[in-house]
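Observations on the three-dimensional arrangement
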Amino acid sequence: MRVSHFINGQLAAENSEDRTAPVFNPATGKQIREVAVASTSTLEEAIAAAEAALPGWRATGLQKRAQVMFNLREIINSRRSELAAVISEEHGKVLDDAAGEIVRGLENVEFCAGLVHHMKGEHLEQAAGGIDVHQTRQPVGVVACITPFNFPAMVPLWMVTTAIAAGNTVILKPSERDPSAANWVAQAFKEAGLPDGVLNVVHGDKEAVDYLLQSPRVKAISFVGSTPVAKYIYAEAAANGKRVQALGGAKNHMIVMPDADIDAAADAAVSAGYGSAGERCMAISVVVAVGNIADELVEKIAERTRKLKVGRYDDPTAEMGPVITKASLDRIVGFLDSAEANGGKLVVDGREYDFSHIEDGAEGFFIGPSIIDHAAPGMPAYDEEIFGPVLCIARVDSYEEAVQLINSNQFANGTAVFTRDGRTARQFEFDIEVGMVGINVPIPVPIGSFSFGGWKNSLFGDIHMYGPESFNFYTRRKVVTTRWPLPSESQINLGFPTN
Ligand code: NAD
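Values in this document were obtained by computation on a predicted structure and should not be read as measured data.

**Concerning the domain arrangement of the protein**
By the assigned domains, the protein splits into domain 1 (2–248 + 458–480) and domain 2 (252–439). Taking only C-alpha atoms into account, the centre of domain 1 sits 31 Å from that of domain 2. Each side of the interface is counted separately: domain 1 has 23 residues, and domain 2 has 25 residues. Contact with domain 2 buries surface across domain 1, with A27, V94 and S458 losing the most and accounting together for 25% of the total. In this assembly, domain 1 and domain 2 are joined by two salt bridges.

**Looking at the nonpolar core**
By size, the foremost hydrophobic cluster in this structure holds 67 residues, and its most contacted members are M254, I255, V256, V287, L297, I301 and I372. Among the elements that make up this core, the one with the highest residue count is helix α10 (residues 262–274) (eight residues). If we ignore the near neighbours within four places in the chain, the residues touching V256 are I262, A265, V287, V288, A289, V290, I293, L297 and F418. By size, the runner-up hydrophobic cluster in this structure holds 65 residues, among which are W57, V201, F452 and F473.

**Here we look at the sheet that holds strand β6 (residues 122–128)**
Strand order across the open sheet formed by three strands is β6-β7-β23, with antiparallel pairing between neighbours. Single-partner strands in this sheet number two, and they are β6 and β23 (475–483). When strand polarity is set aside, the average angle formed by the axes of neighbouring strands in this sheet is 25 degrees. Pairing between β6 and strand β7 (residues 131–139): four bridges, direction antiparallel. Bridging across to β7, E122 finds its partner in Q135.

**A short note on the side chain of S328**
For S328, the location among the structural elements is in helix α12 (residues 326–339). Non-local contacts of S328, meaning those with residues more than four positions away in its chain, are made with E279, V323 and F387.

Criteria and thresholds
- Residues numbered from 1 in each chain as written.
- Predicted model: local features only at pLDDT ≥ 70, side-chain atom pairs only at ≥ 80, totals over all residues.
- Heavy atoms only, no water.
- Domains from an automatic or database assignment.
- Contact = heavy atoms within 4.5 Å.
- Buried area = accessible area lost by both parts, 1.4 Å probe.
- Salt bridge = Lys/Arg side-chain N within 4 Å of Asp/Glu carboxyl O.
- Core = buried A, V, L, I, M, F, W, Y, C linked by side-chain atoms within 4.5 Å.
- Buried < 20%, exposed > 50% of the residue type's maximum accessible area, 1.4 Å probe, protein only.
- Helix = DSSP H or I, 4+ residues; strand = E, 2+ residues; numbered from the N terminus.
- Pairing = 2+ DSSP bridges.
- Axes fitted to C-alpha atoms, helices over the stretch in contact; angles between N-to-C directions.

Structural data, given as C-alpha cells:
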C-alpha cells in the first residue's frame, strides 16, 4: 500500500516524477507500505494549493477558525484509539504511549481553540495629541512544518494547529519513516471544516526539505529533529530570508541529591529513561548521582530495569516497543559494544534481553533496556544523543559538580533535580542553563498554555514552540498610527514627527 501526499483536501494522484521509500513495522522488521517521496512538481502543486487557500483563510472570521479547532478536538478525542494504532504500527511505541502523545497534542488544539484571545492586538489611545496607535497580528503566509519520526502526531499538532489558527496555510513534511499519522491528522482537519488547501501534507526527504527552504513562496519554517539537521535548517532558512525556529536533539540529565527519596527517583529514572524506548526528546538519558547514594540508586534502577517488559505495540502487557529502524538498532548496539572499553560498566545489557515471547518479532528492531554506569564526558555513549533505551549513570561528589556537568553539555533541552530540600531546588532552577526544568518531575514538558523549547544546541532561533510564543512566530505584528485632523490643523512640517 502506498502513502500518498494530501494536497488541496485530498490524497494526491500518483506522480511519476516522485520517488518512493519503504515504511516498516519496527516490531516485525517487515516493510508494510511505501511512501511517496515528493519531486519538485509535487512540491510546486502543494505550494500553489497553499497559496491559493491563503486569501480566503486569512479573511475567515476568527470565530469560524476557532470552531474548526473545537471540531478537531472532538474528532481526535472520539477516534483516539484509531490514531494511536496508526502511530504505533509505524513507530513501534506501545498503544498507551501513542495515546499519551495524542493527549499532549490535543492540549495545543485546546489552546488554539482560544485563538480569538491569542490573536488580539493592542490599542493605545492618545499616544500623542489626537493620535492613537494600535497593533494587529497578521499571518506570515505559507508556512512549512518539518517534523521528526518520534512524535508523528503530537509535533504536527503543535506546529500545524497554531499556524492554521493564526491564519496561515501550511505544508507539513512529516518524517518519511512513519508518515501515515500526518495524513490522518490532515483528514481530521478536513472533517473539522478546514477549507481545502489550508493544510497540505507532502511526504519526502532532504530533497523536499531543501526545496521548501529555497522556495521564496514559503515564508516561515518550523522544524523539530536532530541537532545537525536543525542547525542546517536554521542557517539555510535564514539565508533565504525566512522566519525560522528549529528544535534539535537532547541529552537530558536528572540529578539525584543525597536527600532525595531514592525509590521515587529510581521509578522516575526508569519511566523517563525507557518510555517510548528512549526515543523522546525529553527522555532522561543521564542520571547524575550525587554523593554516597550512587550504589544504592544504581541498584534500585537496575532492579526495576530488569523487570521491564519489551514487546509489540499491540501487546497490552508490553511497556516499551522496538526502536524505529535497523540502522538505529545497530547504532545503539555500537554504543553498548564500546561502553566498557570506554570506561563504563554495563550494569544491565539490553543485548542480552530475551525476545522469544514476541510473536513474529525475530526480525523486529528490538533492544532491551540498558544501564551504563560510570559514564563521563569523553565517552561516546555520554557525549552523543543515543535516542534509545540506554540510561547512563554519572557519579559526582557535589551539587556544584552536577551543575557544572550539565551546564557544559552542548544540549540543553530538559533537566530535573530530585531532592527534598526546597533551597537546593530553588538554587538549581536559578543555576541551570537548560530550557525546561523539573523539580522532582523527570519529563518537564510544559503544559499547553506554556511554550516548549530548549537552549543551546537544542533550539536554534529564539521562539519556543506551541502555546503563547508560537502565536508570535506565526504572526507578523502591524502597528497602525491614526490621526483624524481637522482641515485647519493641517500644515507642512519637514521635521521628524514628535509629539
Ligand atoms: P531527523 O533530524 O533525522 O529528521 C527530522 C526531519 O528532517 C524529518 O522530516 C526528515 O525527513 C528531515 N531530514 C532528515 N535529514 C535531513 C537533512 N539532511 N536535510 C533536511 N531535512 C532532513 O530527526 P528524527 O530522527 O526524525 O527525530 C529524532 C530527533 O529529533 C532526535 O534528535 C530528537 O532529540 C529530536 N527531537 C527534538 C525535539 C525537541 O523538541 N527538541 C522533539 C522531538 C524530537
